[in-house]
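The residues making up each chain are set out below.
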Amino acid sequence: MLNRREWGRVVAAMAWSAGLPGARAQPTPVPAARSAPKLVIGVDNRIDFSCLPLTIADRLGYFTMEGLDVEVRDFPDAAQSLQALASGAAHAVSGSYSSTIAGQMRGQALQSFVLQGRTPQIVVGVSTKTMGHYRQLGDLRGKRVGVQDLGTPAHRVARAVLSRGGLRTNDVQFVAMPNARAAIAAFRSGALDAISYTDPTITQLEQAGELRVVADTRSVRGNAEVFGGPMPSACLCATSEFITQFPRASQSMTDAMVHALKWLQTAGPSDIIKVVPERHFQGDRSLYVSAFNRARESWSPDGVMPEEGPEIAARQVAQFDEPGSLDRFNLAATFTNVFARKAKARFRA
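Residues numbered from 1 in each chain as written. Predicted model: local features only at pLDDT ≥ 70, side-chain atom pairs only at ≥ 80, totals over all residues. Heavy atoms only, no water.

Colleague: Any details on the overall build of the protein chain? Residues and values, ideally.
Modeller: When its secondary structure is counted, the protein chain shows 15 helices and 10 strands. Out of the 349 residues belonging to the protein chain, those deemed buried represent 56%. Taking the contacts inside the protein chain whose residues are at least 6 apart along the sequence as the reference set, 80% of them involve residues at least 24 apart. (Helix = DSSP H or I, 4+ residues; strand = E, 2+ residues; numbered from the N terminus. Buried < 20%, exposed > 50% of the residue type's maximum accessible area, 1.4 Å probe, protein only. Contact = heavy atoms within 4.5 Å.)

Structure, rendered in structure tokens:
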């Protein structure tokens, strides 16, 4: 989910391109079927575990098997990947499902067409160094909580967890820590009392005995304890116009992703080490594999959006980011299961 500042940049880019004669933002045309369609999928943090299914589909050649020529293109942040989608520089984006909700509220018809994650894979934990006395969420009042950035899923999960303990956003001090190494250093030094972050950062702190887990959305059960059910996270989304205009390309991308999701269900440590690029391990293969095993439940088994997932995500947007937003958009238009269900049947996922 993007924060207001990031979405302002997206909307500004859309308005700029729409105002130029003959330069209205349109998806780049997909070539004729005589050659493999050239498609660009934008992503802002390919190393993140939430994007692992995309990495698997790319590395194992599943897009090529579906007759596609796909380039997975990196962008500096989520806002710029969505700008690329709006301008036509990308055909699809690997990003948060909540972005499709925010996009529709701001006039951009985005639609998720295959789900990668059914949980956010984010853990909230307290420092065993500064919070050895921790007993309940209320003990975090006035404390410093590190998050990847304000407005990110990590920030949202932290707020959802704190609200269960009767704490409001301004009852704690949120500290933006976009760099994982800096976040670990701050946590270890005592500059942070708690942290809301993704793996492998969390697993590293857990293994060192420096973190006590308070809420864990890496598992289906832990996620349900926070949100009451599935909380759809990473997905492939595109403009509704692209999906309508190019259903075959959309189906082929979905087939490749569901193939990757099925592969992940039975993949072992040796499989991961062989397929995942070395740079994703960040110098520690053992840590990466440990974190992978902790997150296995979080990936969707079949790419299908769970029935109650969109409503749960929308409630979080309405509670923390856009009060009253549930009355301002059509939730059913933010996703489609048409392609994923076909892929599920084909691969028996």
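After that view of the structure, there is still more to cover.
Colleague: Can you break down the side chain of Thr 334 residue by residue, with the values?
Modeller: Along the chain, Thr 334 turns up in the loop between helix H14 (309–320) and helix H15 (338–347). Engagement of the side chain of Thr 334 in a polar contact is seen with the side chain of Tyr 97, the distance being 2.6 Å. (Polar contact = N/O pair within 3.5 Å; in protein donor to acceptor, adjacent residues only side chain to side chain.)

Colleague: Account for the packing of helix H6 (residues 153–164) against helix H9 (residues 220–227), with residues named and values stated.
Modeller: One way to put it is that H6 packs onto H9 with a least axis distance of 9 Å and a crossing angle of 65°. Contact with H6, carried on its side by Val 157, Ala 160, Val 161 and Arg 164, involves Glu 225, Val 226 and Phe 227 of H9 and no other residues of that element. Residues belonging to the contact of H6 with H9 are distributed by class as follows: five nonpolar, no polar and two charged. (Axes fitted to C-alpha atoms, helices over the stretch in contact; angles between N-to-C directions. Nonpolar A, V, L, I, M, F, W, Y, C, P; charged D, E, K, R; others polar.)

Colleague: Can you tell me about the nonpolar core, naming the residues and giving the values?
Modeller: By size, the foremost hydrophobic cluster in this structure holds 44 residues, and its most contacted members are Leu 52, Phe 63, Phe 113 and Met 253. Ranked by residues supplied to this core, first place goes to helix H11 (residues 247–266) with nine residues. Apart from residues no more than four positions distant in its own chain, Phe 63 is found in contact with Ile 41, Leu 54, Ala 57, Asp 58, Leu 68, Val 70, Met 253, Ala 256 and Met 257. Listed in part, the 40 residues of the second largest apolar core include Val 126, Ala 158, Cys 235 and Phe 320. (Core = buried A, V, L, I, M, F, W, Y, C linked by side-chain atoms within 4.5 Å.)

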